[in-house]
Amino acid sequence: MRFYDRQDLEFQLWDVAGLDRVLDGSELDREAVTGILDTADQIATDHFLPPARFLDENEPRFVDGHAVLPDGARTAVRAHVDAGFIAAGLKPDHGGMGLPETVHQAAAFIFSAANVGLGGYAMLTVGAARLIESFGSDRQKRDYLEPMAAGRFFGTMCLSEPQAGSSLSDITTRAEPLGDGRYRITGRKMWISGGDQDITENIVHMVLAKIPGGPPGVKGISLFIVPRARLDGSGNDVTLAGLNHKMGFRATTNCALNFGDNGDCVGELLGEEHKGLAYMFQMMNEARIGVGMGATALGQAGYQASLDYARERPQGRAPGGKDATAPQIPIIEHADIRRLLLAQKAAVEPALALALHCAMLVDQHRMGDAGAAVQLDMLTPVAKSWPSEFCLEANKHAIQVLGGAGYTRDYPVERLYRDNRLNPIHEGTHGIQGLDLLGRKVLMGGGAGFHALAAAIRADIPAAGSEFSESLSNRLERLERVTLSLAGAIGADTDRGLANATLYLDLFGHVVMGWMWLRIVAAADRAAARDGDSDFLRGKRQAARYFYARELARCDGWADILQANDLSAHDMAPGWF
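The protein chain goes by Acyl-CoA dehydrogenase in an unreviewed UniProt entry, where it is assigned to Pukyongiella litopenaei. UniProt, in its Sequence similarities (unreviewed entry) section for the protein chain, records the words "Belongs to the acyl-CoA dehydrogenase family." Per UniProt, the comment on the protein chain under Cofactor (unreviewed entry) is "FAD".

This is the structure in C-alpha cells:
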C-alpha cells in the first residue's frame, strides 16, 4: 500500500523548494539526500507502517506507575533512532548530524505518513534538544543534549496545567531555588505527549514554572530541565498521574504528570530567570511547523489510500450508459469520485509545499538571511493551522471515496481521520493561531512582516502566466484591504477587532496556498520545458485549476464578512444560548 507519493516529494524538494540552493557548498548532494530518503522510506515501510493498526487498537497501558507501550512501538522507534534520525536535526557539536532542516523535515514527512504517533517522540526530542543547544550551559549540553542526540534520552515540553490550559499566565507550578542553578519543582502538568514511556532510559522534561517573588503573569515564567531520573540513576519525584485516552495519535503516550509530590523533584534552570516563555517559543514554533507537516502527511496518506481504492473498486456504470449487462467501471471513472480525489490533491500538495518552504526559510536564516526569519514568523501560524483544518477535510473526503468501507477498520482512512483530528488543537488551537496572526504577527513593526510577505508573493506572480496570476493578485489585494480595515478596528477596540481572527486566518491561509500552487505550477512548467510534459505535471496544473476555481474563490465571501467585521458571534450573549 502506498502511504505517500515519493515522486511528488522529490519534485517538491528539488523543483519547487529549490533544495540545491541550501546544498550549494555543503558536503551533501542529491545522491546523498536520495539515500537519506531511501533509508527513511525503508524504516517507515518495515517498522512504522505494519503496526499502525495494532497500535491504534492497543493503547499504552498504565502499569505500576509507568506507561507501557504495546509490542511493535519500541522496535519501530529504536530503528528510527538507530538510523540517526534524531541526531539528523541537531548540530554536530554534541553528537548531531547537522542536516539541513529541509531534508530533516522531508524525512519526518515520510515517517508521519506511515505512523504519525510513532513520529511524535522524535519531533519532541529534537525540539527539546534544540532548546538546550540554544540556551544551555556547556555542562547541560554534555549531560542532556548528547544523550538526546544519541536517542538514550527523549524530551518533552511541559506547558499546560489542568486549571490553566492554554492560558500560561495562570500556571502555578513553582520552582524554589536550592542554589547552584538547581530548583525544587512542585506542580502538575497536563497533556504531555511522550511524558512517560518505556523506550528510553530517561526523559528530559522542559518545564515552565514560576520562581517565587518573580513578576506576575507570563513575565514571571522560567524554563527548567527536569529529568525523569537524575543523572546518577536515582528517581526524581516525577510521577505519572495518568494516561489520556485519545481518539487518535494513540502510539504517542499523552500524560498527566505530577512534579514533587514528595517534595523531592529537582530541576535545573535553563538560561536566565523569567525568560522561560521567550525560550519556549522556539520549541513551540518548531512544533507548530511539525504539527502542520504531520497533518499534511496524514492528508497525503488518506489521499493515497483512497486513490488506490478508487482505481481498483468496480461499481456502477457511467450516467449515460444504458446497458445493464456492460461491465462495471472503476469508481475513479465517476465524476464525483474524481472531485473528492482532486479536492484531496488540491489540499495536500500545497500544504507540503508550504511546510518545505518553511523548512527552507529555517535553512536560509541559518545561512545569514535575516529576511527569512521575518517571513517564517508570518507563515508559522498558517503552516500549523491550514493543514490541520484542510488536510483534515481531505481525510474526510478519503472516507467518502470508500463509502461504507471507509468507516471500517479494514481500511486506514478512518484511523487517519482520527489521528488528524487532534491537529486543529495540537500546539495551539486554530483560534489561538488566528489571534496570534492577526493580533501579533500582522501588526508587529507597523505591518512590516505582512508587507514583506506580500512582496514575496507578488514577486512570484509574473512567473505563473496569465491563467492564475490575475486571480491571485486580486485576492492578495483584497487581503491587504481587509488587513488594513481590521488593523483599524483593533486600534479602536481590541476585542471587537479580533472577533473574526479565525476567519482571517482562513482567508490569509488560502491566499498563501494560492501562492504555493503558483510555485508548483511554475515548477511544473520548468520541468515540462526541460524533460517534456507528463501526466504527473498535467495533474499539477489541473489541481491548481481546481483550487483556484473552488477554493481560492471562497476568499471573496470571507473577505466580505471580514471587511464588514461581522460581530454576530461577538455580540451573542452567553445567556442567549
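From this point, the narrative continues.
Q: What am I meant to see in the overall build of the protein chain here?
A: Secondary structure assignment for the protein chain yields 18 helices and 10 strands. Radius of gyration (C-alpha) of the protein chain: 24 Å, near the 25 Å computed for a compact globule of 577 residues. Dimensions of the protein chain, computed from C-alpha atoms along their principal axes, come out at roughly 80 × 60 × 55 Å. A burial count over the protein chain gives 58% of its 577 residues as buried. Sequence separation of 24 or more characterises 76% of the internal contacts of the protein chain that already satisfy a separation of 6 or more. Counting only carbon and sulfur atoms, one obtains 51% of the accessible surface of the protein chain, whose full area is about 23000 Å².

Q: How should I be thinking about the UniProt feature "domain: Acyl-CoA oxidase/dehydrogenase middle" (unreviewed entry) in the protein chain in this particular structure?
A: The UniProt entry lists residues 157-260 under the feature "domain: Acyl-CoA oxidase/dehydrogenase middle" (unreviewed entry), expressed in the numbering used here. Strand forms 46% of residues 157-260 and helix 0%; the C-alpha atoms that close the span are 17 Å apart.

Q: I'm lost on the domain arrangement of the protein chain in this one. Help?
A: Often, the extent of an interface is quoted as the loss of accessible area on bringing the components together. For the protein chain, the domain assignment lists domain 1 (6-153), domain 2 (155-274) and domain 3 (430-570). Computed over C-alpha atoms only, the centres of domain 1 and domain 2 are separated by 24 Å. Listed by partner, the interface residues are 35 residues for domain 1 and 33 residues for domain 2. Both faces combined, the contact of domain 1 with domain 2 buries some 3000 Å², and carbon together with sulfur accounts for 64% of it. Summed over the three residues of domain 1 that lose the most area to domain 2, namely Leu 124, Tyr 144 and Phe 153, the buried surface amounts to 20% of that side. If you look at where domain 1 meets domain 2, you find four salt bridges. With a shortest N-O distance of 3.8 Å, Arg 250 and Asp 56 are connected by a salt bridge. Broken down by secondary-structure element, the contributors of at least two residues to the side of domain 1 that touches domain 2 are helix H4 (52-57), strand E1 (61-63), strand E2 (66-68), helix H5 (73-82), helix H6 (101-135) and helix H7 (138-149). When residues in the side of domain 1 that touches domain 2 are grouped by element, the largest group, 12 residues, is from H6. A class-by-class count of the residues in the side of domain 1 that touches domain 2 yields 18 nonpolar, nine polar and eight charged.

Q: Looking at this structure, how should I read the nonpolar core?
A: Among soluble globular proteins, nonpolar side chains are generally buried collectively. Phe 11, Leu 354, Leu 472, Tyr 504, Phe 508 and Trp 515 are the most contacted members of the largest nonpolar core, which has 86 residues in total. Residue contributions to this core peak at 19 residues, all from helix H16 (residues 501-531). Residue contacts for Tyr 504: discarding those within four places in its chain leaves Leu 437, Leu 438, Val 442, Phe 450, Leu 479, Val 482, Thr 483, Leu 486 and Leu 562. Tyr 4, Ile 110, Ala 149 and Ile 225 belong to the second-largest nonpolar core, a separate cluster that totals 79 residues.

Q: I would appreciate a short explanation of helix H10 (residues 370-402) in the present structure.
A: An α-helical segment advances 3.6 residues per turn. Residues three or four places apart therefore align on the same side. Between its terminal C-alpha atoms H10 stretches 47 Å, which fits the 48 Å expected from 33 residues at 1.5 Å a residue. The largest bend in H10 amounts to roughly 45 degrees and is located at Leu 379, with the proline Pro 381 lying one to four residues further along. Across the 33 residues of H10, 24 count as buried, placing the element largely inside the fold. The opening residue of H10, the one whose side-chain oxygen lies 3.0 Å from the backbone nitrogen of Gly 371, is Asp 369. Once H10 ends, the next one or two residues include Gly 403, with phi positive near 65 degrees.

Q: How should I be thinking about H5 in this particular structure?
A: Residues of H5 that are buried include every one of Ala 73, Ala 76, Val 77, Ala 79, His 80 and Val 81, and no others. Contacts made by the buried residues of H5 are with helix H3 (30-48), H4, H6 and strand E3 (153-158). Once H5 ends, the next one or two residues include Gly 84, with phi positive near 90 degrees.

Q: I keep staring at the pairing of strand E5 (residues 182-193) and nothing clicks. Help me out?
A: On a regular strand, one side chain projects to one face of the sheet and the next to the other, so that they alternate. In this structure, strand E4 (residues 174-179) lies alongside E5, joined through five bridges in antiparallel fashion. Its bridge partner lying in E5, Arg 174 is registered against Thr 186. Two successive antiparallel strands, E4 and E5, enclose a turn made up of two residues, where Asp 180 displays a positive phi of approximately 60 degrees. When E5 meets strand E10 (residues 266-269), the two strands line up antiparallel, connected through three bridges. Looking across to E10, one finds that Arg 184 is bridged to Val 266. Summarising the sheet, E5 and strand E9 (residues 254-259) pair through five bridges and their orientation is antiparallel. Within E9, the position partnered with Ile 192 by the bridge is Cys 255.

Q: For this particular structure, what's the right way to read the pattern of salt bridges?
A: One side chain can pair with another of opposite charge once the charged atoms of both are near each other. A complete count under the given rule lists 44 salt bridges for this structure. The partner of Asp 15 in a salt bridge is Arg 530, with the nearest N and O atoms 3.2 Å apart. Separated by 515 residues along the polypeptide, Asp 15 in helix H1 (residues 6-16) and Arg 530 in helix H16 bring together distant segments of the chain. A salt bridge links Arg 139 to Glu 268, with the shortest nitrogen-to-oxygen separation between them at 2.6 Å.

Q: Before we go on, may I ask you to explain the pairing of E9 in this structure?
A: A large share of E9 lies buried, amounting to six of its six residues. With five bridges connecting them, strand E8 (residues 238-243) and E9 associate as antiparallel partners. Pairing of Leu 240 across the sheet is with Leu 257, part of E9.

Q: I tried to follow the side chain of Glu 551 on my own but got confused; where do I start?
A: Secondary-structure assignment places Glu 551 in helix H17 (residues 535-551). A residue is classified by how much of its surface remains accessible, and Glu 551, at 19% relative accessible area, is buried. Glu 551 has contacts with His 510 and Tyr 546, leaving out every residue within four places of it along the chain.

Q: Help me understand the packing of aromatic side chains in this model?
A: Given two aromatic rings, their pairing is described by the distance between the two centres and the angle made by the two planes. Overall, the coordinates contain 14 aromatic pairs when judged by the stated rule. Between the aromatic rings of Phe 3 and Tyr 4, the centroid separation amounts to 5.1 Å while the plane-to-plane angle is 50 degrees, which identifies the pairing as tilted. Each member of the pair, Phe 3 as well as Tyr 4, carries the same accessibility label: buried. Relative to Phe 508, the ring of Tyr 504 lies with its centre 5.9 Å away and its plane at 50 degrees, an arrangement referred to as tilted. With Tyr 504 and Phe 508 both in helix H16, this residue pair falls four residues apart, about one helical turn. For the pair Tyr 504 and Phe 508, one class covers both residues: buried. Every member of this aromatic cluster is reached through a ring pair, and the members are Phe 3, Tyr 4 and Phe 109.

Rules behind the numbers
- Residues numbered from 1 in each chain as written.
- Predicted model: local features only at pLDDT ≥ 70, side-chain atom pairs only at ≥ 80, totals over all residues.
- Heavy atoms only, no water.
- UniProt positions renumbered as here; feature names shortened; annotations may be inferred.
- Helix = DSSP H or I, 4+ residues; strand = E, 2+ residues; numbered from the N terminus.
- Rg over C-alpha atoms; globule rule 2.2 N^0.38 Å.
- Buried < 20%, exposed > 50% of the residue type's maximum accessible area, 1.4 Å probe, protein only.
- Contact = heavy atoms within 4.5 Å.
- Areas by Shrake-Rupley, 256 points an atom, 1.4 Å probe, with all protein chains shown as cover.
- Domains from an automatic or database assignment.
- Buried area = accessible area lost by both parts, 1.4 Å probe.
- Salt bridge = Lys/Arg side-chain N within 4 Å of Asp/Glu carboxyl O.
- Nonpolar A, V, L, I, M, F, W, Y, C, P; charged D, E, K, R; others polar.
- Core = buried A, V, L, I, M, F, W, Y, C linked by side-chain atoms within 4.5 Å.
- Expected span 1.5 Å × (residues − 1).
- Bend = angle between axes of the 7 residues up to and from the residue.
- Polar contact = N/O pair within 3.5 Å; in protein donor to acceptor, adjacent residues only side chain to side chain.
- Pairing = 2+ DSSP bridges.
- Phe/Tyr/Trp six-rings, centres within 6.5 Å; stacked < 30°, edge-to-face > 60°.

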